[in-house]
Amino acid sequence: MMQRCLELARRAVGRTSPNPMVGAVIVKDGKIVGEGFHPRAGEPHAEVFALKAAGADARGATIYVSLEPCNHYGRTPPCSEALVAAGVSKVVVGMVDPNPLVAGGGIARLRAAGIEVVVGVEEEACKKLNEGFVHRILYKRPFGILKYAMTLDGKIATSTGHSAWITNEAARHQVHQVRSACDAVIVGGNTVRHDNPHLTSHQEGAHNPLRIVMSRSLELPEKAHLWQTSEAPTLVLTEQGANPGFQELLRKLGVEVVELTPLTPTRAMAYLYERGFCSVLWECGGVLAASAIAQGAVQKVLAFIAPKIIGGDSAPTPVGDLGFNTMTEALSLERVEMRVVGSDCVVEGYLPTRH
Ligand SMILES: Nc1nc(O)c(N)c(N[C@@H]2O[C@H](COP(=O)(O)O)[C@@H](O)[C@H]2O)n1
Ligand SMILES: [Zn+2]
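Residues numbered from 1 in each chain as written. Chains lettered and ligands numbered in written order. Predicted model: local features only at pLDDT ≥ 70, side-chain atom pairs only at ≥ 80, totals over all residues. Heavy atoms only, no water.

### Topic: the site of ligand 1
1) Next: Inspection of the region around ligand 1 gives 19 residues, with H45, A46, E47, T76 and D97 positioned closest.
2) Next: In this structure, T76 approaches ligand 1 through a side-chain N or O atom, which is 2.8 Å from an oxygen atom.
3) Next: Protein chains bury 96% of the 520 Å² of accessible surface belonging to ligand 1 in isolation.
4) Next: In terms of residue class, the shell around ligand 1 is built from eight nonpolar, seven polar and four charged. (Near = heavy atom within 4 Å. Polar contact = N/O pair within 3.5 Å; in protein donor to acceptor, adjacent residues only side chain to side chain. Areas by Shrake-Rupley, 256 points an atom, 1.4 Å probe, with all protein chains shown as cover. Nonpolar A, V, L, I, M, F, W, Y, C, P; charged D, E, K, R; others polar.)

This is the structure in C-alpha cells:
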C-alpha cells in the first residue's frame, strides 16, 4: 500500500514545490476505498483527496500516507484534524515530516485522539522521493544534482567541442525524466554557445523545468533555442549592468533577466530557494560544475558513462579544477548506485554532507 502511495505521489512529479509529493490510500476490509495525491502547492493535501474519495467508508478504515499528516494551518487546514473527524482507526506513515511546523506533531495529534499510528513503512523510498523537499526544509537551499554524460576516458566533448551524442537514446530519455522531476536546470554561457540545448523534458504532458543560464558577461548568441523556443520559460542570471543591449533583447523575447552580484552558485541557489524551488539540476560544463561543487550547491551526482573513447588533451572533462593535489582530498560519493542502460552505465551517488 505504501508503494501505491509513492506511485500516486509521483503523478505530480515536478509540480509540487515548495511542497512535497505525497500519496495516500485508504483501505477498509482489505479493499481500497479511496486514493489521493497532492497535485500542487495551494491545493488540498493527499489525505484530503483520499478522504473525499472514501466518503463514509473512511470511518474505521486504515489510511496509508507517504508523509506524516500535517498538523498546521498553512495554505490548507491540518490533515490530522480531517483524519480525526473522519473517524479513521489507523494511520500508516511513510516518514516523519521534517517541516518544523509538523515534525511529529501530526503523529502526536492522531495518537492523542486514540488513533493507532505506525511510522516508517518504506521510509527510505519515501525520503528519496522527496529528497529535494527534505533538503530545502533542513538546509534552506534547493537540492542540487550535477548531471553529466562522459566517455569512458572521462571527456564530455571532443577537442573541437562536439558532443552529440555521447550516450545512447535510452540514457538520454532518462535524462529527460530527471529534468521533468526538477524545478530548474542550470547551464553556463559556454553550454549555450557550444551545444545550443533545449533543456526540456521532451515528453508530451510532462513538467518542464525552468531553464536557467548563468552568465556574468552576457556575451551570448542572439539565436539560441533557450530564447527562440517557448516550450518552457527561461531565466537568465547575470551581474549588474552586464551587456544592457542584450538584456533588453532577452526581455523583448520574453526571457526573465535577473541581476545577482556577485553571480556565484551559492547566490543563485539562495535566490532559487526564495523562489520556492526544491531541486535544481546542474547540466553545465566543467568550470561551473567545479564552482557549484566547491560552494556546496551540489548534493547528488548523476554520471552517464558511455563505453566510447575519444582521447584528446584539450577535450573538456565534466568537473574542472577543485584545487586538489592528493587522492586523500578526493570527494568520495556515498550511497552509490550503478545501473546499466543499454550499453551505457549510470553512476549515482551523494556528496558528503557539509553544513
Ligand atoms: N502529509 C502531507 N500531505 C500532503 O499532501 C502535503 N502536501 C503535505 N505537506 C506538508 O504541509 C506543508 C504545506 O502545507 P500547505 O500546503 O501550505 O497547507 C508542507 O511544507 C509539508 O510539510 N503533507
Ligand atoms: Zn496536510
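### Here's the deal with the pairing of strand β3 (residues 62-65)
1) Next: In the sheet, strand β1 (residues 23-28) pairs with β3 via four bridges, with the strands oriented antiparallel. Following the sheet pairing, V27 is matched in β3 by T62.
2) Next: In this structure, β3 lies alongside strand β4 (residues 90-93), joined through four bridges in parallel fashion. Bridge pairing in β4 places I63 opposite V91.
3) Next: Traced from β3 through helix α3 (residues 79-86) to β4, the parallel crossover comes out right-handed. (Pairing = 2+ DSSP bridges. Helix = DSSP H or I, 4+ residues; strand = E, 2+ residues; numbered from the N terminus. Right-handed = clockwise from strand over helix to strand, strands pointing away.)

### Quick word on helix α6 (residues 131-139)
1) Next: In terms of burial, α6 is a largely internal element, seven of the nine residues being buried.
2) Next: Burial in α6 covers these residues: E131, G132, F133, V134, H135, R136 and I137.
3) Next: Buried residues along α6 sit against α5 (123-129), β6 (143-151), α11 (265-274), β12 (300-306) and β14 (344-350).
4) Next: Where α6 terminates, the next one or two residues include K140, which has phi positive at roughly 55 degrees. (Buried < 20%, exposed > 50% of the residue type's maximum accessible area, 1.4 Å probe, protein only. Contact = heavy atoms within 4.5 Å.)

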